[in-house]
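# What the coordinates show
Spelled out, the chains give:
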Amino acid sequence: MHLKPFALSALHSATSGGRRYHVWMGGLTLIMLVGAYAYSLQLRYGLGVTGMNDHVSWGLYISNFTFLVGLAAAAMMLVLPAYILKDVDFGRAVLMAEAVAVAALVMCLAFVVVDIGNPLGGWHLMPGIGFLNWPRSLLAWDVLVLNGYLALNLVIPFYILYSRFSGRQPDKRKYIPWMYIAVMWAVSIHLVTAFLLAGLPARPFWNTALLGPRFLASAFTAGPAFVILLLWFIRRETEYEISEGAFSKLALITTVAAQINLVMLGSELFYKFYSPTHHGINARYLFFGLDGHNALVPWIWTAIALSTVATIALMIHPVRNNPRWLIPACVALFVGIWIEKGIGLVVPGFIPSPLGEIVEYTPSLVELGVTAGVWALGMFVLTVLVRVALPIELGEVRSPYVEDAGAARIVRPRSTRTQRRDIRPVRTR
Amino acid sequence: MTSDPTTDVPRDAAGQTLLQKRVDRRRALSILLGGAAAGTSAVAACAPVSAATPESKEAKLLAWREYIKGNYRTMTDAERAETIARLERLAELKRGVDVTIQSTGAQPGVVFGYAFNISKCKGFRSCVEACINENNLDRRAATEYIRIFEMEDGVIDFDHADATFQHEVPAEGHFYIGTQCFQCADPPCVKVCPVGATWQEPDGITVVDYDWCIGCRYCMAACPYWARRFNWSEPEVPVAELNTNQHYLGNRARKTGVVEKCHFCIHRTRKGQLPACVEACPTGARVFGNLLDPNSEIRWILANKRVFRLKEDLKIEPRFWYFTD
Ligand code: SF4
Ligand code: SF4
């Protein structure tokens with residue numbers, strides 16, 4: 001068995017690195033501590049310390065949750081071309097995408113936990129000792145699909161990495177079937193989360209058949225955009241080779257998805273505004289404000305501007321293939337969709353209320369602290385996962401019990417500073 | 001059926017039922033978690049005094065038993081009696097009040113309905129007041145189940161109505177229309193609850209098990225009438241103003257982080273009384289009764305008045321009608 005050396009080497013990989021690495025991890029830990037403190041206040045005094053109220057009963061937490069479900073789903077769906085269509089360009093990107101999925105899921109679950117008013121009652125959800133209202137409640141579906149998806153995304157990469165670590169080729173017959181399941185599952189987590197909102201007759205803002213597809217389109221925009229950023233960083237800072245092809249294909253996926261996303265947004269706006277029925281009143285609040293209440297207006301227009309400009313830029317081939325432009329475009333898309341599928345999706349569902357009252361929402365400091373803490377937790381998890389996976393993938397780390405002489409040593413991961421190869425991110429040809 | 005005082009599990013001579021197996025598993029969980037959770041804020045919060053006195057020890061133990069108990073709906077009668085005894089004792093230990101908690105079930109042949117006379121309501125809000133007192137609503141957050149909207153004569157338009165008016169009523173050129181939980185026949189709030197903490201009773205009242213609710217607030221998003229309230233912080237009711245006549249599914253103590261709502265004064269109406277809001281209304285705008293009783297006033301109104309309901313298009317069939325004289 002190589003489990004113990006695997007764990008030891010993983011621990012070693014995760015805890016060693018250059019000064020910049022330690023500063024990064026230390027900074028994240030600090031933010032997590034701030035978040036933990038903010039959460040302790042919330043536990044002690046109740047959700048009253050947030051900006052939420054009986055009118056806007058879901059806020060920043062659920063907003064981040066809906067966005068991150070998309071990130072988790074999209075990252076995994078990149079696996080499809082890599083493993084199933086045997087695309088070599090993607091092969092190396094896949095483990096990273098799965099790490100993104102795991103980190104996003106950890107954040108999703110954390111956001112749900114910090115959002116519930118009675119977290120100690122969490123065991124009521126456990127089938128057997130509690131009661132899970134399945135299949136009637138879509139929230140029960142969400143609990144199941146999210147946890148199942150997390151399990152899949154932990155087990156598959158572990159199997160692959162562990163096999164490599166033990167000096168074996170991972171057996172395709174053992175993991176490809178699970179890959180298929182995981183890819184379909186990725187669609188399901190996002191659709192279920194969309195249906196969770198779309199199924200509420202009380203909330204016309206979400207009550208649209210396009211909500212599920214729109215979720216998928218925006219996920220396929222923000223997800224690959226984030227993976228591009230991550231791969232670009234990895235390629236710049238480590239020896240891990242990621243081909244030009246991987247970048248250009250990811251950029252293409254992002255571009256197409258961003259276009260579809262805008263088309264869907266356009267049809268939604270047409271339906272809501274061309275014949276202004278009462279159904280469009282929440283959208284009116286979001287885009288133009290109602291009776292002087294317009295807290296979300298600047299946000300949503302920023303999001304639309306970011307998405308539109310980035311999408312148009314990406315449609316121009318030289319721009320898309322030049323990292324100088326690709327990277328900022330990806331950042332813009334990511335932020336734009338974070339606003340649009342987060343605050344811009346959840347909060348206006350509650351404003352005005354079903355009885356027409358307008359009560360606005362502003363997150364409190366505690367809420368911002370907890371949110372920052374959860375994001376730091378996610379980035380921490382992502383960093384650790386990438387840090388553990390890279391040396392194994394690079395062949396620098398192998399189990400000491402492996403016969404293969406060349407690899408029979410635990411190599412200390414090279415310091416990112418000194419050994420960094422001086423390559424430019426994505427070379428344009 | 002007898003009950004062993006040292007455990008939560010009712011002993012049944014006929015052997016264990018499926019339900020009891022569930023309880024057994026829950027007890028197993030309690031033993032597993034017992035050590036870990038004993039020091040957590042869960043127990044500490046429920047027993048604010050230090051564990052030095054026998055009372056505080058008892059309170060801690062009772063709070064722990066409360067924490068691991070099941071959903072009210074699936075409890076046996078013996079378990080219900082036990083949890084009620086615990087809650088009454090806890091009220092005594094913690095606040096020094098002697099409350100009576102009922103568990104009266106739905107009466108056969110009864111489905112409650114409500115009607116609201118728009119032409120009679122003058123916006124006095126006596127019903128709101130009565131509801132707050134009757135149901136031990138949180139005074140700190142000023143929770144209200146009933147809302148009275150002031151509208152301009154001519155059209156029912158909630159978008160331009162005012163539910164927070166602070167002037168002499170009735171105001172010239174205005175009329176009033178009240179809302180609360182409409183006890184839908186097909187309630188969307190019940191469908192969405194992930195843990196089954198809210199359900200509809202056979203007499204049509206949608207209730208919440210405050211101890212089972214996890215506070216996800218999905219039901220609040222689902223209610224088309226904005227009828228549910230959340231306890232954003234610890235509810236506060238002065239001991240002197242506490243209504244000690246309580247029902248497990250009604251006006252008993254709520255806690256932080258759970259949802260609550262109008263329950264048609266379940267502790268009164270199941271014993272044949274009227275809801276507090278109906279009794280308090282000085283103009284007689286409120287009518288309450290058994291929809292299955294052909295001789296009831298509400299049936300007369302439904303048969304003889306022009307009635308309507310809000311948001312009929314949603315097909316959730318609220319049991320709350322509006323009418324005019
Ligand atoms: S009015 Fe709202 S809270 Fe009351 S039963 Fe209907 S959906 Fe549920
Ligand atoms: S807040 Fe409570 S009653 Fe409402 S859906 Fe969640 S668990 Fe159920």
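Sequence order sets the numbering: in each chain, residues are counted from 1 along the sequence as written. Here the convention is simple: chains get letters from A, ligands get numbers from 1, in the order in which they are written. Totals for whole chains, interfaces and linings use all residues, but because this is a predicted model, local features are given only for residues with pLDDT of at least 70 and pairs of side-chain atoms are given and counted only at 80 or more. For side-chain calculations, the full set of non-hydrogen atoms in the structure is used, while hydrogens and water are omitted.

## Section: the site of ligand 2
Applied cut-off: Note on terminology: near, applied to a residue and a molecule or strand, indicates that one of the residue's heavy atoms is within 4 Å of it. The residue classification treats Ala, Val, Leu, Ile, Met, Phe, Trp, Tyr, Cys and Pro as nonpolar and Asp, Glu, Lys and Arg as charged. All others, Gly included, are polar.
Near ligand 2 you find Cys193(B), Pro194(B), Val195(B), Thr198(B), Cys213(B), Ile214(B), Gly215(B), Cys216(B), Arg217(B), Cys219(B) and Val259(B), and these make up its full shell. Grouping the constituent residues of the shell around ligand 2 by class yields eight nonpolar, two polar and one charged.

## Comments concerning the confidence of the model for chain B
Residue and element names in this part refer to chain B. What counts here: Per-residue confidence from the prediction method is given by pLDDT, with values spanning 0 to 100. Contacts are assigned to residue pairs that have any heavy atoms within 4.5 Å of one another.
In this model, chain B carries an average pLDDT of 88, and 84% of its residues clear a pLDDT of 70 or more. Residue range residues 1-23 is modelled with pLDDT below 50. Its contacts to residues more than four positions away, or to other chains, number 41 contacts. Note on residues 31-49: pLDDT under 50 across the span, and 17 contacts to partners over four residues away in sequence or across chains.

## Comments concerning the site of ligand 1
Among the 14 residues in the neighbourhood of ligand 1, the closest are listed as Cys181(B), Phe182(B), Cys184(B), Cys189(B) and Cys223(B). Partitioned by chemical class, the residues of the shell around ligand 1 number ten nonpolar, two polar and two charged.

## Some thoughts on the interface of chain B and chain A
Put simply, the test is: Accessible area, probed at 1.4 Å, shrinks when two parts are joined; the buried area is that loss added up over both. Any carboxyl oxygen of Asp or Glu within 4 Å of a side-chain nitrogen of Lys or Arg constitutes a salt bridge here.
Listed as interface residues are 46 residues of chain B and, on the opposing side, 44 residues of chain A. Taking both partners together, chain B and chain A bury about 4,100 Å²; carbon and sulfur atoms supply 59% of that area. Taken as a group, Tyr218(B), Trp226(B) and Trp232(B) account for 19% of the area that chain B buries against chain A, more than any other trio of residues on that side. In this structure, the salt-bridge partner of Asp115(A) is Arg217(B), at a minimum N-O distance of 2.7 Å.

## Remarks on the side chain of Asn243(B)
Residue and element names in this part refer to chain B. Put simply, the rule is: Each helix is a run of DSSP H or I of at least 4 residues and each strand a run of E of at least 2, with the numbering of both proceeding from the N terminus. By the criterion applied in these results, polar contacts are pairs of N or O atoms within 3.5 Å in which, for protein atoms, one can donate a hydrogen and the other can accept it, and in which residues neighboring in sequence qualify only through two side-chain atoms.
Along the chain, Asn243 falls in the loop between strand S9 (228-230) and strand S10 (245-247). Looking at Asn243, its side chain comes within polar contact range of the main-chain nitrogen of Asn245, at 3.0 Å. Aside from chain neighbours lying at most four places away, what touches Asn243 is Asn133, Glu134, Asn136, Asn251 and His267.

## Comments concerning the sheet that holds strand S4 (residues 112-117) of chain B
The pairing of strands in a sheet comes from backbone hydrogen bonds and takes either a parallel or an antiparallel form. Residue and element names in this part refer to chain B. To be explicit about the condition: Here the rule is simple: two strands pair whenever DSSP picks up at least two bridges between them. Axes here refer to lines fitted to C-alpha atoms; in helices the fit is confined to the stretch in contact. Angles between the N-to-C directions go from 0 to 180 degrees.
The strand order across the open sheet built from four strands is S12-S4-S14-S13, with neighbouring strands paired in mixed fashion. The sheet terminates laterally at strand S12 (286-290) and strand S13 (307-308), the two strands that pair on one side only. Sheet topology note: the S4/S12 ladder contains five bridges and is antiparallel. If you follow Phe112 over to S12, its bridge partner there is Asn290. In the packing of helix H10 (residues 297-304) onto the sheet, the strands contacted are S4, S12, S13 and strand S14 (320-323), and the crossing angle to S12 comes to about 110 degrees.

## Observations regarding the packing of helix H11 (residues 297-315) of chain A against helix H13 (residues 323-340) of chain A
All names here are of chain A. Condition: Crossing handedness follows the turn of the near helix against the far one: under a right angle anticlockwise gives a left-handed crossing, and clockwise gives a right-handed one.
Two numbers describe how H11 lies on H13: the axes approach to 8 Å, and their chain directions differ by 145 degrees. Between H11 and H13 lies a crossing whose hand is left-handed. For the pair H11 and H13, contact is made by Trp299, Ile300, Ala303, Leu306, Ser307, Ala310, Thr311 and Leu314 and by Leu326, Ala329, Ala332, Leu333, Val335, Gly336, Ile337, Ile339 and Glu340, respectively. When its residues are assigned to classes, the contact of H11 with H13 shows 13 nonpolar, three polar and one charged.

## With respect to the environment of Trp375(A)
Residues and elements named next belong to chain A. Worth spelling out the cut-off: Throughout, exposure labels follow a simple rule: accessible area from a 1.4 Å probe, protein chains only, divided by the maximum for the residue type, with under 20% read as buried, over 50% as exposed, and the rest as partly exposed.
Summarising the element assignment, Trp375 is placed in helix H15 (residues 365-394). Trp375 sits in the buried class, given a relative accessible area of 18%. Sequence separation of Trp375 and Met32 is 343 residues, and the distance between their C-alpha atoms is 8.4 Å. Not counting residues up to four positions away in its chain, the partners in contact with Trp375 are Asn64, Phe67, Leu68, Met107, Phe111, Phe334 and Trp338. A polar side-chain atom of Trp375 sits 3.0 Å from a polar atom in the side chain of Asn64.

## Things to note about a nonpolar patch on the surface
Residue and element names in this part refer to chain A. Under the convention used in this document: To count toward a patch, a residue needs a relative accessible area over 30% and no salt bridge; like charges are then connected within 9 Å, while nonpolar side chains (Val, Leu, Ile, Met, Phe, Trp, Tyr) are connected within 5 Å. Per-residue and other accessible areas follow the Shrake-Rupley method at a 1.4 Å probe size, with only the shown protein chains counted as cover for residues.
A cluster of nonpolar side chains, Trp178, Tyr180, Ile181 and Met184, forms an exposed patch at the surface whose accessible area comes to about 430 Å². The residue Met184 is located in helix H7 (residues 172-198) in this model. On the basis of relative accessible area, Met184 is assigned to the exposed category, the value being 57%.

## So, the packing of aromatic side chains
For clarity, the cut-off: Under the pairing criterion, centres of Phe, Tyr and Trp rings, with the six-membered ring standing for Trp, must be within 6.5 Å; the plane angle then separates stacked pairs below 30 degrees from edge-to-face pairs above 60, leaving the rest tilted. Placement of a charge over a ring requires the Lys NZ or Arg CZ to be within 6 Å of the ring centre, with the centre-to-atom vector within 35 degrees of the ring normal.
Applying the stated rule across the entire model yields 36 aromatic pairs over all chains. Measuring from ring centre to ring centre gives 5.2 Å for Trp134(A) and Trp141(A), while their planes differ by 45 degrees; the resulting arrangement is tilted. Residue class for Trp141(A) comes out partly exposed when judged on its relative accessible area of 32%. Ring pairs connect the aromatic residues Phe112(B), Tyr114(B), Phe116(B), Phe182(B), Tyr225(B), Phe264(B), Phe288(B), Phe308(B), Phe320(B) and Tyr322(B), which therefore count as one cluster. In this arrangement the basic side chain of Arg125(B) is found over the ring face of Phe165(B), its NZ or CZ atom lying 4.0 Å from the centre. Here Arg217(B) stacks its cationic end above the ring of Phe230(B), 5.1 Å away from the centre of that ring.

## Some points on the packing of helix H6 (residues 138-165) of chain A against H7(A)
Residue and element names in this part refer to chain A. Test applied: We call two directions roughly parallel when the angle between them is under 35 degrees, roughly antiparallel when it is over 145, roughly perpendicular when it lies between 65 and 115, and oblique otherwise.
The contact between H6 and H7 brings their axes to 9 Å, and the two run at 150 degrees. When the axes of H6 and H7 are compared, the pair comes out roughly antiparallel. Crossing angle aside, the handedness with which H6 passes H7 is left-handed. Residue classes in the contact of H6 with H7 are distributed as 22 nonpolar, three polar and two charged.

## Quick look at unusual backbone geometry
Following Trp134(A), the chain continues to Pro135(A) via a peptide bond in cis, the omega torsion being 5 degrees. Turning to its location among the elements, Pro135(A) is positioned in the loop between helix H5 (88-115) and H6. Pro170(B) follows Val169(B) through a cis peptide bond whose omega is -5 degrees. Within the secondary structure, Pro170(B) is located in the loop between strand S5 (147-152) and strand S6 (174-179). Look at Trp226(B): it is not a glycine, yet its phi comes out positive at around 50 degrees. Take Trp226(B): its relative accessible area is 8%, and that puts it in the buried class. Its identity is not glycine, yet Cys265(B) carries a phi of approximately 45 degrees, on the positive side.

## Structural notes on H6(A)
Residue and element names in this part refer to chain A. Using the following cut-off: For a helix, the expected span equals 1.5 Å multiplied by the number of residues minus one.
Here H6 is 28 residues long and its end C-alpha atoms lie 40 Å apart, about the 40 Å a rise of 1.5 Å per residue gives. In this structure Ser137 caps H6, since a side-chain oxygen of it lies 3.2 Å from the backbone nitrogen of Leu139. Count one or two residues on from H6 and you reach Gly167, which has phi positive near 75 degrees.

## As for the pairing of S4(B)
All names here are of chain B. In terms of burial, S4 is a largely internal element, six of the six residues being buried. Two strands pair when backbone bridges link them, and S4 and S14 are joined in this way by four bridges, in the parallel orientation. Following the sheet pairing, Phe116 is matched in S14 by Tyr322.

## Some points on the pattern of salt bridges
Residues and elements named next belong to chain A. Evaluated as defined, the whole model comprises 29 salt bridges over all chains. Ionic pairing is found between Arg214 and Glu340, a salt bridge with its closest N-O pair at 3.1 Å. A residue pair is termed long-range when its members are at least 10 positions apart, and Arg214 in helix H8 (residues 211-237) and Glu340 in helix H13 qualify at 126 residues. The exposure class assigned to Arg214 is buried, which follows from its relative accessible area of 8%.

## Quick word on the nonpolar core
We count it as follows: Side-chain atoms within 4.5 Å are what join buried Ala, Val, Leu, Ile, Met, Phe, Trp, Tyr and Cys residues into a set we call a nonpolar core.
Counting 160 residues, the largest nonpolar core has Trp58(A), Met96(A), Phe111(A), Trp206(A) and Leu382(A) as its most contacted members. If one sorts the elements of this core by residue count, H5(A) sits on top with 18 residues. With 60 residues, the next largest nonpolar core counts Ile84(B), Phe112(B), Ile132(B) and Phe175(B) among its residues.

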